[in-house]
Amino acid sequence: MINNLKEEIKKNNSSFSILIKLSEEVRRDPNFKKDEIKRIAILSDFTLKGLGDCLMSKAFYNDIYIDIYEGDYGQWQQEILGEELYKFNPDLNFIILDNFGLDRDLFYNYHCLENGKIKKIMNDYLNNLLSMIGKIKNKNKGKIVVSNISSYGNLITGITSNKVKNNLRKLILEANIVLENEFLNDKQVFIFDYDGWLGHIGKDKYLYGKYYFLGDMRIEPASFPLLSDQLLAYLIPIASKTKKCLVLDLDNTIWGGIIGEDNMEGIKLSPTGEGKMFYIFQKLILSLSKLGIILAINSKNNKEDVDKVFKEHPYMILKEDDFAAIRINWQDKVTNMKELAEELNIGLDSMVFMDDDPANREMIRKMIPEVEVIDLPEDPAFYWKTLLEYKGFSTLKYTDEDRDRGKMYFAEKKRRDLKKELVDMDSFLKNLNLEVEIKPITKFDIPRVTQLTQKTNQFNLTTRRYQEENIKKFIENNDQVWTLNVNDKFGDYGLVGVIIARSNKKVWEIDTFLLSCRVLGKKIEENFFRYMLKELRVIESKKVIGKYIPTKKNMQVEYFYKKIGFTVQATSEIETIWQLDLAEFDFVPANHITFNKKYAKE
Amino acid sequence: MQKNDEKKLLALLGRILKIAPEKITDAMAPENTEEWDSFNGLMIAAELEKTFNIKFSIEEIITTKNVGDIKNNLKKHGIIL
């Protein structure tokens, strides 16, 4: 079912007043999930009224539901020093400042001020900003996004601006670098490149226009929808809506022309001339895949034609190995898409589809609304920009696992091919030479463990989302946080499973048990869990309580505890509570898995 | 075409001022319209500029007192209503 309100938002995604108007409907929409609300605060030293409503509409389009706290006009510091902000308890704080604009004497006097004085102005500014950020950090655990300092492009000193004793542009650049460095490794604070964004959309067009004089709008109202897009990029990972997979059409999408008609020599793809737009687009797609985005193909074509392009075309940047799953056939794209999701073991709502044909896009949109469909522009010269502007792949942190994900999925594809050859499941599993390491968390694992709690939907008994601070707290409390690493003859999957068991007086409570979908179907699930129970019994033999909290996506684990031998203690719509006495439990290791080979050596 | 531009104007005003477009009169002004505060006044100007691809002067925006003035301003910029 297509959501009409979402359609309406998409159609008007650059109109300030329509997005504001639609935000009223968003709040009333039956699909607005109040229990998933993220609380967003917007603090600023100038007028950003309406920005929050814009953001609310755009967030809704991305299945993100927000509540907005807009600080009083110009009072960002009073807000930070007051109480109201913390009562609202934001999950995300935006601080958008325009402190070095026309309202500051510096703009008019930089070239005649003493060097010491100007240094002091900059230092005072930074110190105040850092102390304000520190104040929020003390009282709120939400993320904090702070704009860097913007500067106006044209200065009174003109072409000698970088010859005068105090080069204003350089001073601001230096201050911005100080700011970035200060929070380089900070998990809570993020610097938004406001100056860069303004430069990108056009300072002359959007900064200090007429509305600045009419209503202190430092940036034109017309730019608010564009600013919302930038802020949305922070919202997506916080709401755990980051997309995982880019599904591509082939003809007229990653090369120009139709391979079945134009033949390999006729398609447009080259480092010079008309084919360059596709060449560059492919380079960018490959670059994206190195950030951990999985690539897949959904194309109507003869497989042999495409194979030939992959093998022989001199300018194909993307190779067959870069794609984790491929559907090149004559069946409809909807079926292909569903098969791809199944094969990759990811949700349809983690997938993004790019196709030059509007009819194909419409069909996917209608039939599988969960899949995000990107409207490629008519002119392929702008494909690459469309990809760069897309925010759905945003994450707050890249891990080493992300970088290697493409490789891991390709290894998985080879494993599946092997599965086709070996009919017998037991011999298939044995042939994999599975090795697992099950061990207590180390501090190096914290980012990955956090990420898994954020991203794992299907094999996740409780779906509790944690930040790094939460995980550290578990460790400090001496709760048992154990990790699972898996490798087999095709490659290393990395850290793919987590169990958090909290010792609660007379019982162990399984707070979290999850496994990344890439290791499912290898009979690792039960073995990991049983191994863990054995370890828990060594620490203290007592009763174990495990909860199953149903979500839309974790049906497959509804009866997991039953398989282990748990019995139901209580059940309700919200959760089922299972129990098992460790004294009555026995662990028999599976014979297709080697346990803790590496770990034992250490 | 003309009808269309008038429709666009009324829809825009109705949306920002939260009033049914058919109820909008030339006499409507900030004094008698609850939603017409200074922010919404600026939003009307900004959205008209975008919708009709024109640019008002600051003078034009400041001296606009009611819907009739808005229509006159649009006419000055070649929008026939």
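Everything in this summary refers to the structure shown in the same document. Along each chain, residue indices are assigned from 1 in the same order as the chain's sequence is written. Lettering of chains starts at A and numbering of ligands starts at 1, both following the order in which they are written. Thresholds applied to this predicted model are a pLDDT of at least 70 for local features of residues and 80 or more for the giving and counting of side-chain atom pairs; totals over whole chains, interfaces and linings are not thresholded and use all residues. Working from all heavy atoms in the structure, the side-chain values ignore hydrogens and water.

Regarding the overall build of chain B
Within chain B, the secondary structure is distributed over 4 helices and 0 strands. Element order for chain B, N to C, with α for helix and β for strand: α-α-α-α. Here the radius of gyration uses the C-alpha set of atoms, whereas the globule reference equals 2.2 Å times the residue count to the power 0.38. The globule rule puts the C-alpha radius of gyration for 81 residues at 12 Å, and the 11 Å found for chain B is close to it. Within chain B, contacts between residues separated by at least 24 positions form 54% of all contacts whose residues are at least 6 apart in sequence. Under the DSSP-based scheme used, a helix requires at least four consecutive residues in state H or I and a strand at least two consecutive residues in state E, with every element numbered from the N terminus. Contacts between residues were defined by any pair of non-hydrogen atoms, one from each residue, lying within 4.5 Å.

Examining the sheet that holds strand β8 (residues 323-329) of chain A
All names here are of chain A. Here, any two strands with at least 2 DSSP bridges between them count as paired. The sheet built from 5 strands is open, its strands ordered β8-β7-β6-β9-β10 with parallel pairing. Strands at the two margins of the open sheet, each flanked by one partner only, are β8 and β10 (372-375). Taking the axes of each pair of neighbouring strands and ignoring which way they run, one obtains an average angle of 20° across the sheet. Note: strand β6 (residues 245-248) against strand β9 (residues 351-355), 4 bridges, orientation parallel. Looking across to β9, one finds that L246 is bridged to V352. Note on method: axes are straight lines fitted to C-alpha atoms, helices fitted across the in-contact stretch only, with angles between N-to-C directions ranging 0 to 180 degrees.

Some points on the interface of chain B and chain A
With 18 residues of chain B in contact, the opposing surface of chain A contributes 18 residues. Joining two parts hides part of their accessible area as seen by a 1.4 Å probe, and the buried area is that hidden amount summed over both. Overall, the association of chain B and chain A removes approximately 1,500 Å² of surface from exposure, summing both partners, and the carbon and sulfur fraction of that is 67%. For the chain B face of the interface with chain A, the top three residues by lost area are B:R15, B:F39 and B:L42, together amounting to 39%. The salt bridge criterion pairs a side-chain nitrogen of Lys or Arg with a carboxyl oxygen of Asp or Glu, the two atoms within 4 Å. Summed over the shared surface of chain B and chain A, the result is 3 salt bridges.

Digging into the packing of aromatic side chains
All names here are of chain A. Ring pairs are drawn from Phe, Tyr and Trp, using the six-membered ring of Trp, whenever the two centres fall within 6.5 Å, and their geometry is named by plane angle: stacked under 30 degrees, edge-to-face over 60, tilted for the rest. Counted according to the given criterion, the structure contains 35 aromatic pairs over all chains. Aromatic side chains F100 and Y125 sit 4.7 Å apart centroid to centroid with 85° between the ring planes, which places their arrangement in the edge-to-face category. Of the two residues, F100 sits in the loop between β3 (92-96) and α6 (106-109) while Y125 sits in helix α7 (residues 115-139), which places them 25 residues apart along the sequence. Measuring from centroid to centroid gives 5.8 Å for Y531 and F587, while their planes differ by 90°, and the two rings are edge-to-face. Here Y531 is found in helix α23 (residues 525-539), whereas its partner F587 is found in the loop between β17 (576-581) and β18 (593-595), with 56 residues between them in sequence. Each member of the pair Y531 and F587 is classed as buried. Counting every residue linked through ring pairs, the aromatic cluster contains F459, F513, F528, F529, F560, Y561 and F566. Burial here depends on accessible area, computed with a 1.4 Å probe over protein chains only, as a share of the maximum for the residue type. Under 20% is buried, over 50% is exposed, and the range in between is partly exposed.

Considerations on unusual backbone geometry
Residue and element names in this part refer to chain A. Of note, D216 is a non-glycine position whose phi angle comes to about 55°, a positive value. Looking at where D216 falls in the secondary structure, it is placed in the loop between α11 (210-215) and α12 (224-238). Classification of D216 by relative accessible area gives buried; the value is 16%.

A few points about a nonpolar patch on the surface
Patch membership needs two things, relative accessible area over 30% and no salt bridge, and members are linked within 9 Å if like-charged or within 5 Å if nonpolar (Val, Leu, Ile, Met, Phe, Trp, Tyr). Note on areas: Shrake-Rupley, 1.4 Å probe, and residue coverage restricted to the protein chains presented here. Taken together, A:I280, A:W384 and A:L388 make up a surface patch of nonpolar side chains, about 250 Å² in accessible area. Mapped onto the elements of the fold, A:L388 is located in helix α18 (residues 383-389).

With respect to the nonpolar core
Residues and elements named next belong to chain A. Of all hydrophobic cores here, the largest spans 109 residues; its most connected members are F94 and I219. For F94, the contacting residues outside a window of four places in its chain are I40, A41, I42, L43, L55, V145, L231 and Y234. In terms of nonpolar packing, the next biggest core, distinct from the first, is built from 64 residues, L340, I346, V371 and A590 among them. Think of a nonpolar core as a cluster: buried Ala, Val, Leu, Ile, Met, Phe, Trp, Tyr and Cys residues, connected wherever their side-chain atoms sit within 4.5 Å.

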